[in-house]
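Reading the structure
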Amino acid sequence: MDWLSALILGIVQGAAEYLPISSSGHLVIFRKILGVDLPADQSLQFDVMVHAATVLSTIVVLWPMFRKLCAGFFSMKRSPESLYVWKVLLSCIPVGIVGVFFKDKVEAIFGEGLPVVGICLCVTAVLLAFAFFSGFDRKTHKPVSANKGRDITWLDAFVIGCAQAVAVLPGLSRSGTTIATGIVIGDKRDKVATFSFIMVIIPILGEALLDLAKMLRPAAEQASGAIDAGAMIIGFVSAFLVGCAACKWMIALVKKGQLIWFAVYCLLMGIVCLLWQ
């Protein structure tokens, strides 16, 4: 992988991790466009780096909240912060089950290429459109207030977690699916966006640790060696910087209820993927 490809893929990962357009699907698309065809072990190394970068960007952007949640949880006392963390942990159970028992099947789906990505992008478009119109006031012709609705309950957390588990499919946006699910079931838009970004930290770190274990296999088992260090650094830095900007932007967009344009984009991109042979 050359440095320019690493830069572009890092930007794509940083933006698409937070914008509801599917980072996994867009990485498949842009690898196809750029002609990047890495061996499985090198592709794994790069994916671990850029995903770690987006986790770091989430922590940086939401640091005041993240710090309070950690302090409240580790104080071992019942508090709003500790209850919030337990809801986050509850939401991670479904995707954890998928990761442990169905990881190989999910990875096989990634190998199916653009048709699967196209179908899932169209599904993402439908979810985003449904969430937009469910939170649209037909009298004022404007999205309802961002703080209208309820705070995330235990059941809501689990339902959103199930949505996250389904969104492991390439092209099905994780942020779009979880945020849309939260809006549809009646949660406050400003609360569900933040919850969506906080809840992904644990699954991504868990997957990164599993992938890191694969990367640390004996050298004899490694098929192609390590990817270029410069490309890795460029991919990490670009994913982190773009991720910080995209995270802030997405939270603001969800509060304003402006998801319909992403639905249009996902639909068009999905059609392009289905027609691309």
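Each residue is numbered by its place in its chain's sequence as written, counting from 1. In keeping with the predicted nature of the model, local features appear solely for residues at pLDDT of at least 70, side-chain atom pairs appear and are counted solely at 80 or more, and the whole-chain, interface and lining totals rest on all residues. The basis for the side-chain values is all heavy atoms of the structure; hydrogens and waters are excluded.

1. Some thoughts on a nonpolar patch on the surface
- Two distance rules govern patches: like charges are joined within 9 Å, and nonpolar side chains (Val, Leu, Ile, Met, Phe, Trp, Tyr) within 5 Å, applied only to residues with over 30% relative accessible area and no salt bridge. In this description, accessible areas are obtained by the Shrake-Rupley approach with a 1.4 Å probe, and a residue is regarded as covered only by the protein chains that are shown. Salt bridges are defined by distance alone: a side-chain nitrogen of Lys or Arg within 4 Å of a carboxyl oxygen of Asp or Glu. A cluster of nonpolar residues, Ile-93, Ile-97, Val-100, Phe-101 and Phe-102, forms a patch on the protein surface that exposes about 530 Å² of accessible area.
- Under the relative-accessibility criterion, Phe-102 is labelled partly exposed at 40%. Relative accessibility decides the category of a residue: with a 1.4 Å probe and only protein chains considered, values under 20% of the type maximum give buried, values over 50% give exposed, and everything between is partly exposed.

2. A look at the packing of helix α2 (residues 23–34) against helix α7 (residues 114–134)
- Under this scheme, a helix contributes an axis fitted over its contacting stretch, all axes are lines through C-alpha atoms, and angles between N-to-C directions fall in the 0 to 180 degree range. Strands are runs of DSSP state E lasting at least two residues, helices are runs of H or I lasting at least four, and both sets are numbered from the N terminus onward. The interhelical angle for the contact between α2 and α7, taken along N-to-C directions, is 140°, at an axis separation of 10 Å. Here α7 runs oblique to α2, going by the angle between their axes. Of the two possible hands of crossing, α2 and α7 adopt the one that is left-handed. Two secondary-structure elements touch here, α2 through Gly-25, His-26, Val-28, Ile-29 and Lys-32 and α7 through Leu-114, Val-117 and Leu-121.
- Split into classes, the residues belonging to the contact of α2 with α7 amount to five nonpolar, two polar and one charged. Working rule for angles: under 35 degrees goes down as roughly parallel, over 145 as roughly antiparallel, 65 to 115 as roughly perpendicular, anything else as oblique. The handedness criterion is simple: a crossing whose near helix is rotated anticlockwise from the far helix by less than a right angle is left-handed, and one whose near helix is rotated clockwise is right-handed. Contacts are assigned to residue pairs that have any heavy atoms within 4.5 Å of one another. The residue classification treats Ala, Val, Leu, Ile, Met, Phe, Trp, Tyr, Cys and Pro as nonpolar and Asp, Glu, Lys and Arg as charged. All others, Gly included, are polar.

3. Observations regarding the pattern of salt bridges
- Tallied over the entire structure, the rule returns four salt bridges.
- The partner of Arg-150 in a salt bridge is Asp-156, with the nearest N and O atoms 2.8 Å apart.
- Note that Asp-187 and Arg-150 form a salt bridge whose closest N and O atoms lie 3.6 Å from each other. Within this pair, whereas Asp-187 is found in the loop between α9 (174–184) and α10 (189–199), its partner Arg-150 is found in the loop between β2 (142–143) and α8 (154–166), the two being separated by 37 residues in sequence.
- Sharing partners across several salt bridges, the network here consists of Arg-150, Asp-156 and Asp-187.

4. Regarding helix α5 (residues 80–101)
- A helix is expected to reach a length of 1.5 Å times the quantity of its residues less one. For α5, spanning 22 residues, the distance from its first C-alpha to its last is 33 Å, which sits close to the expected 32 Å at 1.5 Å a residue.
- By definition, a residue's bend is the angle between the axes fitted to the seven residues ending there and the seven starting there. The axis of α5 is deflected most strongly, by about 35°, at Pro-94.
- Listed as buried for α5 are Ser-82, Tyr-84, Val-85, Lys-87, Val-88, Ser-91, Cys-92, Pro-94, Val-95 and Val-98.

5. Points about the packing of aromatic side chains
- Pairing of aromatic side chains here covers Phe, Tyr and the six-membered ring of Trp, requires ring centres within 6.5 Å, and sorts the geometry by plane angle: under 30 degrees stacked, over 60 edge-to-face, intermediate tilted. In the structure shown here, the tally under the stated rule is seven aromatic pairs.
- An angle of 80° between the planes, with centres 5.2 Å apart, marks the rings of Tyr-18 and Phe-197 as edge-to-face. Of this pair, Tyr-18 sits in the loop between α1 (3–16) and α2 while Phe-197 is found in helix α10, placing the two residues 179 residues apart along the sequence. Assigned by exposure class, Tyr-18 and Phe-197 land together as buried.
- Taken together, the ring pairs in this structure connect Phe-73, Phe-74 and Trp-86 into an aromatic cluster.
- Put simply, a charge is over a ring when the Lys NZ or the Arg CZ is close to the ring centre, within 6 Å, and near the line of the ring normal, within 35 degrees. In this structure, Lys-87 is placed above the aromatic ring of Trp-154, and the distance from its NZ or CZ to the ring centre is 5.8 Å.

6. Some points on the layout of surface pockets
- Buriedness of a pocket was judged along seven lines, with at least five required to meet protein on both sides within 12 Å; pockets are open sets of points on a 1 Å grid over the protein atoms alone, cavities are sets where a 1.4 Å probe fits but cannot get out, and lining residues have an atom within 4 Å of a point. Grid points are joined across faces, edges and corners, and a volume is the space filled by probe spheres set on the points. Empty space within the second largest pocket amounts to approximately 370 Å³.
- Lining of the second largest pocket is provided by 15 residues; of these, Met-65, Leu-69, Pro-80, Tyr-84 and Lys-191 occupy positions nearest its centre.
- Sorting the residues of the lining of the second largest pocket by element identifies α4 (63–74), α5 and α10 as the ones contributing at least two each.
- Ranked by residue count, the leading element in the lining of the second largest pocket is α5, at five residues.
- Of the residues assigned to the lining of the second largest pocket, the class counts are eight nonpolar, one polar and six charged.

7. Here we look at the confidence of the model for the chain
- Confidence along the chain averages 83 in pLDDT terms, with 86% of residues attaining 70 or more.
- Confidence per residue, as judged by the predictor, is encoded in pLDDT with a range of 0 to 100. Ranking the elements of the chain by mean pLDDT puts β2 last with 59 and α8 first with 94.

8. Observations regarding the packing of α1 against helix α12 (residues 229–256)
- Look at α1 against α12: their axes get within 7 Å of each other, and the N-to-C directions meet at 30°. When the axis of α1 is compared with that of α12, the two are roughly parallel. Viewed along their axes, α1 and α12 form a crossing whose handedness is right-handed. The residues of α12 that touch α1, namely those facing Trp-3, Ala-6, Leu-7, Gly-10, Ile-11, Gln-13, Gly-14 and Ala-15, are Gly-230, Ala-231, Ile-234, Gly-235, Ser-238, Ala-239, Val-242, Gly-243 and Ala-246.
- When the residues that make up the contact of α1 with α12 are grouped by side-chain class, the tally is ten nonpolar, seven polar and no charged.

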